[in-house]
Every structure is written in structure tokens, then in C-alpha cells.
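Below are the chains, spelled out letter by letter.
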Amino acid sequence: MTDSRATLGVDLHLDLSAGRGLRAGLTEALREAARSGRLAAGTRLPSSRSLAADLGIARNTVAEAYAELVAEGWLTARQGSGTRVAERARPRRAAAAAVRARPGLRRPPAYSLMAGAPDLAAFPRAAWLSAARRALTDAPNEAFGYAVDARGRIELREALAGYLARARGVYADPDRIVLCSGFAHALTLLAGVLRARRVREVAVEGYSLDVHRELVERAGLRTVPLAVDGAGARTTELGGEAGAVLLTPAHQFPTGVALTPDRRAAAVDWARTTGGLILEDDYDGEFRYDRQPVGALQGLDPERVVYLGTASKSLAPGLRMGWMVVPAGLLDEVLAAKGRIDWTSSAPDQLTLAEFIRSGAYDRHVRGMRVRYRRRRDELVAAVAGRVGVSGIAAGLHAVLDLPGGTQDAVLRAAAWHDLGLETLSRYAHPDAELPPREALVVGYGTPSASAWSPAVAALLASLP
Ligand SMILES: Cc1ncc(COP(=O)(O)O)c(C=O)c1O
């Protein structure tokens, strides 16, 4: 027979104060847990039978404690839904204090056109679930143990190698793919490797994400900005001091231009002559609208380029899944930085993504989203036509809107009034970059859900000069 004590109900930790009657002690411990918020409103408590078995006390004692707390309003008991912590038990004051204690935490705006996220409401839940079901059904038992190969699961590395070669023109040997918790993790590992190689400077694009620059700087490296113009980053200006350059060649973040062929060639020439490395951030390379996607720069020289990809735009940033294709001469150092064991990536998630790619669901999702994002991009361009200049729209999930001089502050104030989250281009400027003054907005048209899209565009239009 099954041991019901071990298998029934849910676990509940309670501090039963010594020296009190059993029932009074249990009642007070439960009351305190509900009052303090340690047991959140709605939490289902174990059945009286199961809790009595866990605590080694009579079932009646638990039933009486529950009944008393139901009478006081701390718990609710309903046929079919068991005994739960009541809604009114939420510790309002404690929650408010916690929010106040976190400086800078403000209510998010009602509408957001901030760049950075795909449409989270469009996450392919059903297809992901069925891939997870198939992947977990077929997974060998060892997949649930500590992963001994720091590169990550071979199933996903093989699926990615095929996909990246086919869709992005990457030379991808599964043995040289290293799976990571997103691009940020990969960049952190690479910055550590560069520092260990005594590199001091990494060139970055003059407009780029501050959080990524900070990851590089935290490893003890200096970031040096490259000017960015209509042809992408000026790789022709790369100097001998930098040991690596971080680029977004397919779709410069945030200006949205593609690195031109001569600038690509200049980057590769620089890497070959100086021994430097190119870190290629291919964060949204799948989303190109007007012609074939621009292939990865890595194809030009897989020994000098580290290719970095992520599921954050194509699927969702919450997955924390990314990958890098590493030159042979760098692999051991990257693996040493990652650790002897793969501590960071979940094997069930890796197997699910492998199955998602293998089954064709990834391609279907990307193609479907490309159609949706393209439609939004076209609507945005049509809506702002004649009022502001639009650029960077051939690819990706954001566009740059150039504003008439002297109007940017008023636009931001109006957007705040319309409860719209917006970002300026200048917010992405490297502090040392010598960039021509430019008043512009970076509009993330991928961010709103389908229902929030029209009101977000309306709020934008109402904010523009
Ligand atoms: C320029 C750029 N690179 C990379 C990423 C992806 O980062 P991660 O994979 O760490 O979520 C993003 C996501 O917003 C991005 O904007």
C-alpha cells in the first residue's frame, strides 16, 4: 500500500511554538503565516488528514484549528477547492512597504513602445507544450541529472547547428556550440575569457545597450565606442588596442541599419591582422522583411568570429536561452569559464527547444511572427508618414523616428501624459561616443500585445509634434 503520509497533500512548514497547547500552537502558527504574507492569499493548505499525518497529531486537532481560522476570516473552506488562505489576509502594509523600499520601481506605463521585447502574448504556448511533452517523454533518465558536458545537450546543439547553417548562413559544428542562459550570459563568459587573455579594451558600437557594455566592463575591460552611421559601425576605424569588437551586423541595435559588405570585410580584415575577435550579436536576425535575411558575418571567418544567438526575440526573453558558436581556438577557454558541469541551463528546456526546432515549430513561429511584425511596421510607417522621419525598418522589432529639432523633451512629456513608455536614441549612446546630435525615438513595435497595439500607436501619434 502507498504511504499516504508521504504522497498525499502538499508540504507546509510551520513553527509550532513550544509550551502551548497543540491546537493553540497550530492555530497561532497558521494565523501568523497568513498574517505575515508568508502563505500568500489563495494558497491551498494540506488536507487536515495529511497535515495531521505530517505533524504526527490527531486529525481533529488540525480540523479544529482550520475551523477557528475560517471563523476568524484568515482561511476559507469551500467544497471541492479545499482550505485556502483568504484574500483579505494579504498583508497590504507589508507589500506597500516592500514596493516603497525598492527605489526606482514605478508602475509600468499602460502602453509600451519600448524596444527590447517581442510580443509576449504571442508566445506559442500550445506548440511549446506539445514539444515539451514529446521531449520529456523521449528524454533518457540521465537528462535529469547534472549535465557533464558544459556545452549543453547534444540534441539542442545538433538542432541548432542545422537551423543556423540553413537559416543564418552560420558554419555551425555542434561540437563548437555552447548553450547559455541568453546572450547576456554568453557575453559575460566571453568578457571573462578576454580578460584572462590580458585583453584590456573591447570596441563597441557608439549606440548600443548599456547593460551589455556594463557586463563587459564588470569583467575589468574598457569599452571603446565606434561611430555608427548609415552603413553601420565604422569598423574601418578599429584600432590595434582593442582585443575584440562587439557588433550587431544584421540589424544595428538600436539604429537598425545593416552593416554594409565593405564594413563587414573591414571588420574581418582587422581581426585577421591584429588577432582580434569579432563578437557577433545576432539578436533578431530572423526578422527581415523586404528581402532575404542578411547572413551572419561569422560565415566570412568562423575562426575569428564568435556567433551569438538568442531565443529572446524569436520566442521570449523569459526562456533565458542563448547559444554561441565558438572558434576552435577559443572553445577550451569558454568551457573553462562556463564550468566543468553545465550549471546554468535547464536540460528539459534544452530538449524542448531541440524538439521545437526539429519538428518545424520554430520555423512556423518565426514565419508567422514575421508576417505580424511586418504588418505592424507598415502600419507604424503609414501612421507617422509626413510627421517624422522613419529609419531602420528593414528588419527587427523596432524603428527609429527622427523628430524635428528641439521637440524631443515635449514628446517625452506628452508620452508620459498619455501613459506611453518610450525610449530616446540618445539613451543608447556610449558616454565617450562622439555622435552628431540627433533627436530621435526608438520605437519597439513588437512589444505591445495585439489588443494594445492600436491604442499604443494612437498614444504615440498624440505625443508627436
Ligand atoms: C542588442 C541585443 N542583443 C541581445 C539581446 C538578447 O539578450 P538576452 O539573450 O540576454 O535576452 C537583446 C534583447 O533585447 C538585444 O536588444
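Now for a look at the structure at hand. (Residues numbered from 1 in each chain as written. Predicted model: local features only at pLDDT ≥ 70, side-chain atom pairs only at ≥ 80, totals over all residues. Heavy atoms only, no water.)

Here the focus is the overall build of the protein. The helix and strand tally for the protein stands at 15 helices and 17 strands. Each principal axis of the C-alpha atoms in the protein carries an extent, and together these give about 80 × 55 × 40 Å. Counting only residues that meet the buried cut, the protein has 48% of its 465 residues in that class. Contacts in the protein between residues at least 24 apart in sequence constitute 74% of all its contacts with a sequence separation of at least 6. Carbon and sulfur atoms make up 53% of the accessible area of the protein, which totals about 22000 Å². Computing the positive centroid from 59 side-chain charges and the negative centroid from 51, the protein places the two 6 Å apart. (Helix = DSSP H or I, 4+ residues; strand = E, 2+ residues; numbered from the N terminus. Buried < 20%, exposed > 50% of the residue type's maximum accessible area, 1.4 Å probe, protein only. Contact = heavy atoms within 4.5 Å. Areas by Shrake-Rupley, 256 points an atom, 1.4 Å probe, with all protein chains shown as cover. Lys, Arg positive; Asp, Glu negative; His and termini not counted. Charge placed at Lys NZ, Arg CZ, Asp CG, Glu CD.)

With that settled, consider the packing of aromatic side chains. Inspection of every chain in the model, using the stated rule, returns eight aromatic pairs. Between Tyr146 and Trp343 the ring centres are 6.1 Å apart and the planes differ by 75°, which places this aromatic pair in the edge-to-face class. Residue Tyr146 is located in the loop between α6 (125-138) and α7 (154-168), and its partner Trp343 is located in the loop between α11 (331-338) and α12 (347-358); the two are separated by 197 residues in the primary sequence. Looking at Tyr146, the relative accessible area reads 68%, which means it is exposed. Residue Trp343 is classed as exposed on the basis of its relative accessible area, which comes to 59%. Three or more aromatic residues link up through ring pairs in this structure, and these residues are Phe123, Trp128, Tyr163, Phe356 and Tyr362. (Phe/Tyr/Trp six-rings, centres within 6.5 Å; stacked < 30°, edge-to-face > 60°.)

The environment of the ligand is formed by 13 residues, the closest being Phe183, Asp281, Thr310, Ser312 and Arg320. Asp281 is positioned such that a nitrogen or oxygen atom in its side chain is 2.6 Å from a nitrogen atom of the ligand. Starting from 390 Å² of accessible surface for the ligand in isolation, the protein chains cover 91%. No other element matches helix α8 (residues 182-196), which puts three residues into the shell around the ligand. (Near = heavy atom within 4 Å. Polar contact = N/O pair within 3.5 Å; in protein donor to acceptor, adjacent residues only side chain to side chain.)

Counted at 1.5 Å a residue, the expected span for helix α10 (residues 261-274) with its 14 residues is 20 Å, and the 20 Å between its end C-alpha atoms agrees. Along α10, the positions that sit buried rather than exposed are Arg263, Arg264, Ala266, Ala267, Val268, Trp270 and Ala271. As for α10, its buried residues are in contact with β7 (228-229), β8 (232-233), β9 (242-247) and β10 (277-281). Two residues or fewer after α10 comes Gly275, characterised by a positive phi angle close to 80°. (Expected span 1.5 Å × (residues − 1).)

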